[in-house]
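Listed below, chain by chain, are the residues.
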Amino acid sequence: MLPTLIVNPHSDEKFLARVEEAAADSPSPRDLETALRRDFPRVVVRARELAGQTSAVWYVYREGRWIPEP
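Residues numbered from 1 in each chain as written. Predicted model: local features only at pLDDT ≥ 70, side-chain atom pairs only at ≥ 80, totals over all residues. Heavy atoms only, no water.

A. Quick peek at the packing of helix H1 (residues 13-23) against helix H2 (residues 29-37). Orientation of H1 relative to H2, taken along the N-to-C sense of each, is 130 degrees, at an axis distance of 10 Å. With respect to H2, the element H1 is oriented oblique. Crossing handedness for the pair H1 and H2: right-handed. Touching Arg-18, Val-19, Ala-22 and Ala-23 of H1 are Leu-32, Ala-35 and Leu-36, all from H2. Residues that form the contact of H1 with H2 fall into these classes: 6 nonpolar, no polar and 1 charged. (Axes fitted to C-alpha atoms, helices over the stretch in contact; angles between N-to-C directions. Helix = DSSP H or I, 4+ residues; strand = E, 2+ residues; numbered from the N terminus. Parallel < 35°, antiparallel > 145°, perpendicular 65-115°, else oblique. Left-handed = near helix turned anticlockwise from the far one by under 90°. Contact = heavy atoms within 4.5 Å. Nonpolar A, V, L, I, M, F, W, Y, C, P; charged D, E, K, R; others polar.)

As structure tokens, this is what we get:
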């Protein structure tokens, strides 16, 4: 089952499509980050790690950090 992806910025349709495509073949946040790095060199992917969390959630930041939506 794919993780829930929190993508920033969500309004970048090219980035969002590439993240969804690459996530299908990425078993870990690091693998996803590596797959995206060629097209988005500053990308950072982090897993959310909360006590009692039952599903995987990954944060994907195109610019390496959260940025405001345009």
